[in-house]
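Geometric and topological summary
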Amino acid sequence: MDPVIRSELDTLHVQLDSDDLPSRNVLITGGAGFLGSWLCDVFVKAHAVVYCVDNLSTGLKENLVHLLGMKNFVFQELDVARPDLEDRRYDLILHFASRPSPGEYRQHPIETIAVNAEGTRNMLELARKTDARLLLASTSEVYGDAQIIPTPEAYWGNVNPLGPRSCYDESKRFAETLCIGYHRTYGLDVRIVRIFNTYGPRLRSDGLYGRALSRFIDQALSGRDITVYGRGEQTRSFCYVTDTVAAIVKAAASPRMKGEVVNIGNVYEVSILDLAERIQRITNSKSNIIFLPRPADDPQRRCPAISKAKQLLNWFPRVNFEDGLLRMITWFKERRPAKR
Ligand code: UDP
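Report on the accompanying structure. (Residues numbered from 1 in each chain as written. Predicted model: local features only at pLDDT ≥ 70, side-chain atom pairs only at ≥ 80, totals over all residues. Heavy atoms only, no water.)

So, about the pattern of salt bridges. Here the structure, examined in full by the defined rule, presents 29 salt bridges. Between aspartate 79 and arginine 82 there is a salt bridge; the shortest N-O distance is 4.0 Å. A salt bridge links aspartate 189 to arginine 133; the shortest N-O distance between them is 2.9 Å. Of this pair, aspartate 189 sits in the loop between α5 (166-186) and β6 (190-195) while arginine 133 sits in strand β5 (residues 133-139); the two residues are 56 residues apart in sequence, bridging distant segments of the chain. Put simply, Glu141, Arg165, Arg236, Arg294, Asp298 and Arg302 are held in one network by salt bridges that share partners. (Salt bridge = Lys/Arg side-chain N within 4 Å of Asp/Glu carboxyl O. Helix = DSSP H or I, 4+ residues; strand = E, 2+ residues; numbered from the N terminus.)

Glancing now at the packing of aromatic side chains. All chains considered together, the criterion is met by 11 aromatic pairs. Measuring from centroid to centroid gives 6.1 Å for tyrosine 143 and tyrosine 155, while their planes differ by 35 degrees, and the two rings are tilted. Of this pair, tyrosine 143 sits in the loop between β5 and α5 while tyrosine 155 sits in the loop between β5 and α5, and the two are 12 residues apart along the sequence. We note that tyrosine 143, like tyrosine 155, is buried. Aromatic side chains tryptophan 331 and phenylalanine 332 sit 5.6 Å apart centroid to centroid with 85 degrees between the ring planes, which places their arrangement in the edge-to-face category. Accessibility assignment for this pair places tryptophan 331 and phenylalanine 332 in one class, buried. Cluster of aromatic residues (ring-pair linked, three or more members): Tyr199, Phe238, Tyr240, Tyr268 and Phe321. Over the aromatic face of tyrosine 186 sits the side chain of arginine 128, whose NZ or CZ is 4.1 Å from the ring centroid. The residue whose ring lies beneath arginine 204 is tyrosine 209, and the NZ or CZ to ring-centre distance is 3.7 Å. (Phe/Tyr/Trp six-rings, centres within 6.5 Å; stacked < 30°, edge-to-face > 60°. Buried < 20%, exposed > 50% of the residue type's maximum accessible area, 1.4 Å probe, protein only. Lys NZ or Arg CZ within 6 Å of the ring centre and 35° of its normal.)

As summarised here, the arrangement of the seven strands in space is β3-β2-β1-β4-β5-β6-β11, forming an open sheet in which the pairing is parallel. The sheet is open, and its two borders are formed by β3 (73-77) and β11 (261-264), each paired with just one other strand. The average angle at which neighbouring strand axes cross in this sheet is 20 degrees, direction not considered. Packing of helix α4 (residues 109-130) onto the sheet brings it into contact with β1 (25-29), β4 (92-95), β5 and β6, and relative to β4 it is tilted by some 175 degrees. (Pairing = 2+ DSSP bridges. Axes fitted to C-alpha atoms, helices over the stretch in contact; angles between N-to-C directions. Contact = heavy atoms within 4.5 Å.)

With respect to the element layout, serine 98 can be found in the loop between β4 and α3 (102-107). Residue serine 98 is classed as buried on the basis of its relative accessible area of 16%. In terms of polar contacts, serine 98 uses its side chain to reach the side chain of asparagine 116, at 3.4 Å. In this structure, serine 98 is in contact with Thr58, Thr112, Val115, Asn116, Tyr168 and Lys172, ignoring residues within four places of it in sequence. (Polar contact = N/O pair within 3.5 Å; in protein donor to acceptor, adjacent residues only side chain to side chain.)

Time to look at the nonpolar core. With 71 residues, the main nonpolar core has Leu39, Phe43, Phe73, Leu94, Phe96, Leu213 and Val245 as its most contacted residues. Counting residues in each nonpolar core, the second largest holds 26 residues, with Leu78, Val115, Leu134 and Tyr182 among its members. (Core = buried A, V, L, I, M, F, W, Y, C linked by side-chain atoms within 4.5 Å.)

With that settled, consider the packing of helix α6 (residues 212-222) against helix α8 (residues 272-282). Viewed as axis vectors pointing N to C, α6 and α8 meet at an angle of 35 degrees, and their least axial separation amounts to 9 Å. Where α6 crosses over α8, the handedness of that crossing is right-handed. Counting all contacts with α6, which are made through Leu213, Phe216, Ile217 and Ala220, the residues of α8 involved are Ile272, Leu275, Ala276 and Ile279. Considered class by class, the residues forming the contact of α6 with α8 number eight nonpolar, no polar and no charged. (Left-handed = near helix turned anticlockwise from the far one by under 90°. Nonpolar A, V, L, I, M, F, W, Y, C, P; charged D, E, K, R; others polar.)

Axes are the key here: two packed helices are described by the angle between their axes and the distance separating the axes. In contact at an axis separation of 11 Å, α6 and helix α10 (residues 321-335) are set at 55 degrees when each is read in the N-to-C sense. One element, α6, and the other, α10, form an angle in the oblique class. Here α6 runs over α10; the crossing is right-handed. Contacts from Leu213, Ser214, Ile217, Asp218 and Leu221 in α6 reach Phe321, Leu325, Met328, Ile329, Phe332 and Lys333 in α10. Its residues assigned to classes, the contact of α6 with α10 shows eight nonpolar, one polar and two charged. (Parallel < 35°, antiparallel > 145°, perpendicular 65-115°, else oblique.)

Okay, structure coming up:
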(Lines give C-alpha, C1' and ligand atoms only; values in the text may rest on other atoms or scores of the structure.)
Protein backbone atom coordinates (compact mmCIF):
# COMPACT_ATOMS: atom_id res chain seq x y z
CA MET A 1 0.00 0.00 0.00
CA ASP A 2 1.02 3.60 -0.59
CA PRO A 3 3.22 4.50 2.45
CA VAL A 4 1.60 7.93 3.00
CA ILE A 5 -1.86 6.35 3.10
CA ARG A 6 -0.66 3.49 5.31
CA SER A 7 0.64 5.91 7.91
CA GLU A 8 -2.53 8.03 7.73
CA LEU A 9 -4.63 4.88 8.29
CA ASP A 10 -2.60 3.93 11.35
CA THR A 11 -3.23 7.39 12.85
CA LEU A 12 -6.90 7.20 11.93
CA HIS A 13 -7.38 3.86 13.68
CA VAL A 14 -6.00 5.31 16.89
CA GLN A 15 -8.80 7.94 16.77
CA LEU A 16 -11.51 5.27 16.46
CA ASP A 17 -12.94 3.23 19.34
CA SER A 18 -13.58 -0.48 18.93
CA ASP A 19 -17.31 0.37 19.16
CA ASP A 20 -16.94 2.41 15.98
CA LEU A 21 -16.16 -0.65 13.86
CA PRO A 22 -18.54 -3.41 14.91
CA SER A 23 -19.93 -4.39 11.50
CA ARG A 24 -19.14 -7.79 10.08
CA ASN A 25 -20.41 -7.72 6.47
CA VAL A 26 -20.09 -4.27 4.97
CA LEU A 27 -21.20 -3.32 1.47
CA ILE A 28 -19.50 -0.19 0.15
CA THR A 29 -20.91 1.26 -3.06
CA GLY A 30 -18.56 3.57 -4.92
CA GLY A 31 -15.79 1.72 -3.13
CA ALA A 32 -13.16 2.52 -5.77
CA GLY A 33 -13.70 6.27 -5.36
CA PHE A 34 -11.92 8.76 -3.14
CA LEU A 35 -13.91 8.32 0.09
CA GLY A 36 -15.18 4.82 -0.75
CA SER A 37 -11.65 3.44 -1.05
CA TRP A 38 -10.61 4.98 2.29
CA LEU A 39 -13.64 3.30 3.86
CA CYS A 40 -12.67 -0.05 2.27
CA ASP A 41 -9.22 0.34 3.83
CA VAL A 42 -10.60 1.19 7.27
CA PHE A 43 -13.06 -1.72 7.40
CA VAL A 44 -10.66 -4.29 5.91
CA LYS A 45 -8.07 -3.26 8.51
CA ALA A 46 -10.74 -3.72 11.21
CA HIS A 47 -11.31 -7.32 9.97
CA ALA A 48 -14.81 -6.74 8.60
CA VAL A 49 -15.72 -8.57 5.39
CA VAL A 50 -15.91 -5.82 2.78
CA TYR A 51 -17.99 -6.17 -0.39
CA CYS A 52 -17.01 -3.30 -2.63
CA VAL A 53 -18.99 -2.41 -5.75
CA ASP A 54 -18.15 0.26 -8.27
CA ASN A 55 -18.87 0.74 -11.98
CA LEU A 56 -15.48 2.50 -12.36
CA SER A 57 -17.12 5.52 -14.01
CA THR A 58 -15.14 7.80 -11.72
CA GLY A 59 -13.51 5.47 -9.19
CA LEU A 60 -10.14 3.87 -9.96
CA LYS A 61 -9.17 0.24 -9.52
CA GLU A 62 -5.66 1.43 -8.59
CA ASN A 63 -7.18 2.68 -5.30
CA LEU A 64 -7.93 -0.96 -4.43
CA VAL A 65 -5.03 -3.00 -5.89
CA HIS A 66 -3.52 -3.61 -2.46
CA LEU A 67 -6.84 -5.09 -1.25
CA LEU A 68 -7.61 -7.36 -4.21
CA GLY A 69 -6.87 -10.94 -3.25
CA MET A 70 -7.30 -10.36 0.48
CA LYS A 71 -9.57 -12.89 2.18
CA ASN A 72 -11.92 -10.26 3.64
CA PHE A 73 -12.25 -8.13 0.49
CA VAL A 74 -14.49 -8.79 -2.52
CA PHE A 75 -14.68 -6.42 -5.49
CA GLN A 76 -17.49 -6.44 -8.05
CA GLU A 77 -17.67 -4.10 -11.04
CA LEU A 78 -21.32 -3.17 -11.07
CA ASP A 79 -23.69 -0.23 -11.55
CA VAL A 80 -25.93 0.13 -8.49
CA ALA A 81 -28.58 1.82 -10.62
CA ARG A 82 -29.19 -1.72 -12.00
CA PRO A 83 -30.56 -4.05 -9.35
CA ASP A 84 -28.44 -7.14 -9.92
CA LEU A 85 -26.56 -7.29 -6.64
CA GLU A 86 -26.59 -10.52 -4.66
CA ASP A 87 -28.96 -10.64 -1.67
CA ARG A 88 -26.23 -11.43 0.78
CA ARG A 89 -26.73 -10.75 4.49
CA TYR A 90 -25.16 -7.33 4.98
CA ASP A 91 -24.88 -5.66 8.38
CA LEU A 92 -24.05 -2.26 6.98
CA ILE A 93 -24.38 -0.58 3.59
CA LEU A 94 -22.29 2.53 2.98
CA HIS A 95 -23.81 4.08 -0.14
CA PHE A 96 -21.12 6.24 -1.74
CA ALA A 97 -21.65 5.60 -5.45
CA SER A 98 -22.07 8.82 -7.46
CA ARG A 99 -20.07 11.15 -9.65
CA PRO A 100 -19.04 13.91 -7.22
CA SER A 101 -17.20 16.46 -9.36
CA PRO A 102 -19.18 19.39 -10.81
CA GLY A 103 -17.33 19.20 -14.16
CA GLU A 104 -18.14 15.52 -14.39
CA TYR A 105 -21.77 15.41 -13.29
CA ARG A 106 -22.62 18.33 -15.58
CA GLN A 107 -21.49 16.07 -18.47
CA HIS A 108 -23.48 13.05 -17.20
CA PRO A 109 -26.75 14.39 -15.76
CA ILE A 110 -28.96 11.34 -16.40
CA GLU A 111 -26.42 8.87 -15.08
CA THR A 112 -25.92 11.05 -11.98
CA ILE A 113 -29.66 11.22 -11.36
CA ALA A 114 -30.00 7.46 -11.95
CA VAL A 115 -27.36 6.45 -9.41
CA ASN A 116 -28.75 8.77 -6.73
CA ALA A 117 -32.41 7.95 -7.39
CA GLU A 118 -32.59 4.35 -8.67
CA GLY A 119 -29.27 3.36 -7.10
CA THR A 120 -30.37 4.61 -3.69
CA ARG A 121 -33.75 2.90 -4.07
CA ASN A 122 -32.01 -0.39 -4.92
CA MET A 123 -29.71 -0.09 -1.93
CA LEU A 124 -32.63 0.73 0.39
CA GLU A 125 -34.54 -2.32 -0.88
CA LEU A 126 -31.44 -4.43 -0.32
CA ALA A 127 -31.10 -3.04 3.21
CA ARG A 128 -34.75 -3.78 3.89
CA LYS A 129 -34.53 -7.36 2.60
CA THR A 130 -31.31 -8.14 4.44
CA ASP A 131 -32.12 -6.10 7.54
CA ALA A 132 -29.00 -3.97 7.10
CA ARG A 133 -28.27 -0.48 8.35
CA LEU A 134 -27.72 2.04 5.54
CA LEU A 135 -25.63 5.20 5.58
CA LEU A 136 -26.15 7.60 2.69
CA ALA A 137 -23.28 9.80 1.53
CA SER A 138 -25.11 13.05 0.95
CA THR A 139 -23.49 16.39 0.32
CA SER A 140 -23.27 20.08 1.15
CA GLU A 141 -24.69 20.54 -2.37
CA VAL A 142 -28.18 19.84 -0.96
CA TYR A 143 -27.93 23.40 0.44
CA GLY A 144 -27.15 24.81 -3.04
CA ASP A 145 -25.97 28.42 -2.83
CA ALA A 146 -26.60 28.62 0.92
CA GLN A 147 -27.82 31.91 2.35
CA ILE A 148 -26.96 30.93 5.93
CA ILE A 149 -23.25 30.54 6.74
CA PRO A 150 -22.12 28.48 8.65
CA THR A 151 -24.91 26.24 7.38
CA PRO A 152 -26.77 24.08 9.91
CA GLU A 153 -28.62 20.84 9.08
CA ALA A 154 -31.94 22.63 9.70
CA TYR A 155 -31.40 24.92 6.68
CA TRP A 156 -33.63 23.87 3.75
CA GLY A 157 -31.35 24.99 0.96
CA ASN A 158 -31.31 27.29 -2.05
CA VAL A 159 -31.13 25.10 -5.15
CA ASN A 160 -31.93 25.96 -8.77
CA PRO A 161 -33.91 22.89 -9.90
CA LEU A 162 -33.11 23.50 -13.57
CA GLY A 163 -29.50 24.66 -13.27
CA PRO A 164 -26.41 22.74 -14.42
CA ARG A 165 -25.74 21.45 -10.88
CA SER A 166 -29.32 20.33 -10.27
CA CYS A 167 -28.73 16.76 -11.53
CA TYR A 168 -26.49 16.26 -8.49
CA ASP A 169 -28.10 18.60 -5.95
CA GLU A 170 -31.69 17.56 -6.55
CA SER A 171 -30.96 13.85 -6.89
CA LYS A 172 -29.02 13.88 -3.60
CA ARG A 173 -31.96 15.72 -2.02
CA PHE A 174 -34.26 13.05 -3.46
CA ALA A 175 -31.95 10.30 -2.12
CA GLU A 176 -32.24 11.83 1.36
CA THR A 177 -36.04 11.98 1.03
CA LEU A 178 -36.12 8.35 -0.07
CA CYS A 179 -34.00 7.29 2.93
CA ILE A 180 -36.28 9.10 5.35
CA GLY A 181 -39.30 7.56 3.59
CA TYR A 182 -37.89 4.06 4.21
CA HIS A 183 -37.11 4.97 7.78
CA ARG A 184 -40.65 6.25 8.42
CA THR A 185 -42.41 3.47 6.52
CA TYR A 186 -40.36 0.41 7.47
CA GLY A 187 -38.40 1.62 10.49
CA LEU A 188 -35.22 1.01 8.47
CA ASP A 189 -32.06 2.16 10.22
CA VAL A 190 -30.84 4.90 7.86
CA ARG A 191 -28.30 7.62 8.53
CA ILE A 192 -27.40 10.58 6.34
CA VAL A 193 -24.08 12.40 6.30
CA ARG A 194 -23.81 15.68 4.38
CA ILE A 195 -20.18 15.74 3.40
CA PHE A 196 -18.52 19.10 2.71
CA ASN A 197 -15.38 19.56 0.59
CA THR A 198 -12.83 16.93 1.54
CA TYR A 199 -9.23 16.63 0.35
CA GLY A 200 -6.35 14.25 0.78
CA PRO A 201 -4.57 11.39 -1.00
CA ARG A 202 -6.62 9.83 -3.86
CA LEU A 203 -8.64 12.98 -4.62
CA ARG A 204 -8.51 13.09 -8.41
CA SER A 205 -6.91 16.05 -10.15
CA ASP A 206 -7.28 15.04 -13.78
CA GLY A 207 -9.61 16.48 -16.40
CA LEU A 208 -13.25 16.84 -15.51
CA TYR A 209 -12.75 14.59 -12.47
CA GLY A 210 -10.41 17.10 -10.82
CA ARG A 211 -11.51 19.24 -7.89
CA ALA A 212 -10.13 22.73 -7.29
CA LEU A 213 -7.70 21.78 -4.53
CA SER A 214 -6.15 18.72 -6.20
CA ARG A 215 -6.13 20.37 -9.61
CA PHE A 216 -4.30 23.43 -8.24
CA ILE A 217 -1.64 21.19 -6.65
CA ASP A 218 -1.20 19.29 -9.90
CA GLN A 219 -0.98 22.55 -11.88
CA ALA A 220 1.46 24.09 -9.41
CA LEU A 221 3.77 21.05 -9.36
CA SER A 222 3.85 20.71 -13.13
CA GLY A 223 4.31 24.44 -13.81
CA ARG A 224 1.01 24.84 -15.65
CA ASP A 225 -1.28 27.84 -15.08
CA ILE A 226 -3.40 27.64 -11.94
CA THR A 227 -6.98 28.07 -13.17
CA VAL A 228 -9.09 30.18 -10.81
CA TYR A 229 -12.72 30.60 -11.85
CA GLY A 230 -14.16 34.10 -11.57
CA ARG A 231 -12.12 36.33 -9.30
CA GLY A 232 -11.68 33.53 -6.78
CA GLU A 233 -13.73 35.30 -4.13
CA GLN A 234 -16.01 32.29 -3.65
CA THR A 235 -15.15 30.24 -0.56
CA ARG A 236 -14.97 26.60 0.45
CA SER A 237 -14.08 24.93 3.79
CA PHE A 238 -11.79 21.96 3.29
CA CYS A 239 -11.70 18.97 5.62
CA TYR A 240 -8.80 16.51 5.58
CA VAL A 241 -9.79 13.01 4.49
CA THR A 242 -8.89 11.22 7.75
CA ASP A 243 -11.17 13.61 9.67
CA THR A 244 -14.04 13.09 7.23
CA VAL A 245 -13.59 9.31 7.25
CA ALA A 246 -13.46 9.17 11.06
CA ALA A 247 -16.77 11.06 11.20
CA ILE A 248 -18.38 8.75 8.63
CA VAL A 249 -17.31 5.63 10.53
CA LYS A 250 -18.65 7.11 13.77
CA ALA A 251 -21.93 8.10 12.10
CA ALA A 252 -22.33 4.56 10.77
CA ALA A 253 -21.80 3.10 14.25
CA SER A 254 -23.49 5.50 16.64
CA PRO A 255 -26.82 4.37 18.11
CA ARG A 256 -27.77 8.07 18.19
CA MET A 257 -27.64 8.46 14.41
CA LYS A 258 -30.69 6.32 13.47
CA GLY A 259 -32.90 8.47 11.20
CA GLU A 260 -30.57 11.47 11.65
CA VAL A 261 -28.71 13.78 9.30
CA VAL A 262 -25.40 15.36 10.15
CA ASN A 263 -22.95 17.77 8.48
CA ILE A 264 -19.36 16.60 8.20
CA GLY A 265 -16.73 19.18 7.37
CA ASN A 266 -14.21 21.67 8.60
CA VAL A 267 -15.25 25.20 9.59
CA TYR A 268 -12.03 26.82 8.33
CA GLU A 269 -13.25 28.83 5.33
CA VAL A 270 -10.87 30.04 2.58
CA SER A 271 -11.41 31.84 -0.70
CA ILE A 272 -10.45 30.00 -3.86
CA LEU A 273 -7.88 32.69 -4.72
CA ASP A 274 -6.35 32.30 -1.26
CA LEU A 275 -6.22 28.54 -1.85
CA ALA A 276 -4.44 29.01 -5.20
CA GLU A 277 -1.92 31.44 -3.69
CA ARG A 278 -1.16 29.16 -0.73
CA ILE A 279 -0.55 26.19 -3.01
CA GLN A 280 1.61 28.34 -5.30
CA ARG A 281 3.65 29.44 -2.27
CA ILE A 282 3.97 26.09 -0.48
CA THR A 283 5.06 24.29 -3.65
CA ASN A 284 7.45 27.12 -4.65
CA SER A 285 5.73 27.01 -8.00
CA LYS A 286 6.54 29.15 -11.02
CA SER A 287 2.97 28.67 -12.28
CA ASN A 288 0.88 31.76 -12.96
CA ILE A 289 -2.58 32.16 -11.55
CA ILE A 290 -5.04 32.82 -14.39
CA PHE A 291 -8.70 33.80 -14.13
CA LEU A 292 -11.31 31.92 -16.19
CA PRO A 293 -15.11 32.37 -16.42
CA ARG A 294 -16.97 31.12 -13.40
CA PRO A 295 -19.44 28.26 -13.99
CA ALA A 296 -23.17 29.01 -13.55
CA ASP A 297 -24.70 28.48 -10.10
CA ASP A 298 -21.30 27.98 -8.43
CA PRO A 299 -22.06 28.48 -4.70
CA GLN A 300 -20.55 31.73 -3.37
CA ARG A 301 -19.75 30.56 0.15
CA ARG A 302 -19.64 27.14 1.77
CA CYS A 303 -18.97 26.42 5.41
CA PRO A 304 -20.66 23.86 7.66
CA ALA A 305 -22.07 24.25 11.15
CA ILE A 306 -20.71 21.15 12.90
CA SER A 307 -22.09 21.43 16.43
CA LYS A 308 -24.50 18.56 15.74
CA ALA A 309 -21.64 16.26 14.65
CA LYS A 310 -19.64 17.29 17.72
CA GLN A 311 -22.55 16.53 19.98
CA LEU A 312 -23.86 13.31 18.36
CA LEU A 313 -20.56 11.76 17.37
CA ASN A 314 -18.16 13.31 19.84
CA TRP A 315 -16.10 14.24 16.77
CA PHE A 316 -14.26 17.31 15.57
CA PRO A 317 -11.70 17.82 12.78
CA ARG A 318 -8.11 17.47 14.02
CA VAL A 319 -5.97 18.26 11.00
CA ASN A 320 -5.37 21.96 10.42
CA PHE A 321 -5.42 23.26 6.88
CA GLU A 322 -1.72 24.07 6.36
CA ASP A 323 -0.73 20.68 7.75
CA GLY A 324 -3.28 18.85 5.60
CA LEU A 325 -2.13 20.70 2.50
CA LEU A 326 1.48 19.71 3.18
CA ARG A 327 0.46 16.07 3.63
CA MET A 328 -1.53 16.14 0.39
CA ILE A 329 1.34 17.77 -1.51
CA THR A 330 3.80 15.16 -0.18
CA TRP A 331 1.54 12.37 -1.44
CA PHE A 332 1.18 14.09 -4.78
CA LYS A 333 4.93 14.49 -5.22
CA GLU A 334 5.62 10.87 -4.30
CA ARG A 335 3.22 9.42 -6.80
CA ARG A 336 4.00 11.67 -9.75
CA PRO A 337 5.88 9.98 -12.56
CA ALA A 338 9.45 11.33 -12.73
CA LYS A 339 9.03 12.78 -16.22
CA ARG A 340 6.07 15.00 -16.88
N1 UDP B 1 -12.64 26.09 -9.18
C2 UDP B 1 -11.67 26.90 -9.72
N3 UDP B 1 -10.81 26.35 -10.62
C4 UDP B 1 -10.83 25.05 -10.98
C5 UDP B 1 -11.82 24.22 -10.39
C6 UDP B 1 -12.71 24.77 -9.51
O7 UDP B 1 -11.59 28.11 -9.41
O8 UDP B 1 -9.99 24.63 -11.82
C9 UDP B 1 -13.57 26.67 -8.18
C10 UDP B 1 -15.03 26.33 -8.45
O11 UDP B 1 -15.62 27.29 -9.29
C12 UDP B 1 -15.61 26.36 -7.04
C13 UDP B 1 -14.45 25.91 -6.16
O14 UDP B 1 -13.27 26.11 -6.93
O15 UDP B 1 -15.97 27.67 -6.68
C16 UDP B 1 -14.53 24.47 -5.72
O17 UDP B 1 -14.69 23.68 -6.85
P18 UDP B 1 -14.68 22.10 -6.83
O19 UDP B 1 -14.66 21.64 -8.26
O20 UDP B 1 -13.60 21.61 -5.97
O21 UDP B 1 -16.08 21.62 -6.21
P22 UDP B 1 -17.33 22.29 -5.51
O23 UDP B 1 -16.90 22.73 -4.15
O24 UDP B 1 -17.81 23.46 -6.33
O25 UDP B 1 -18.33 21.20 -5.48
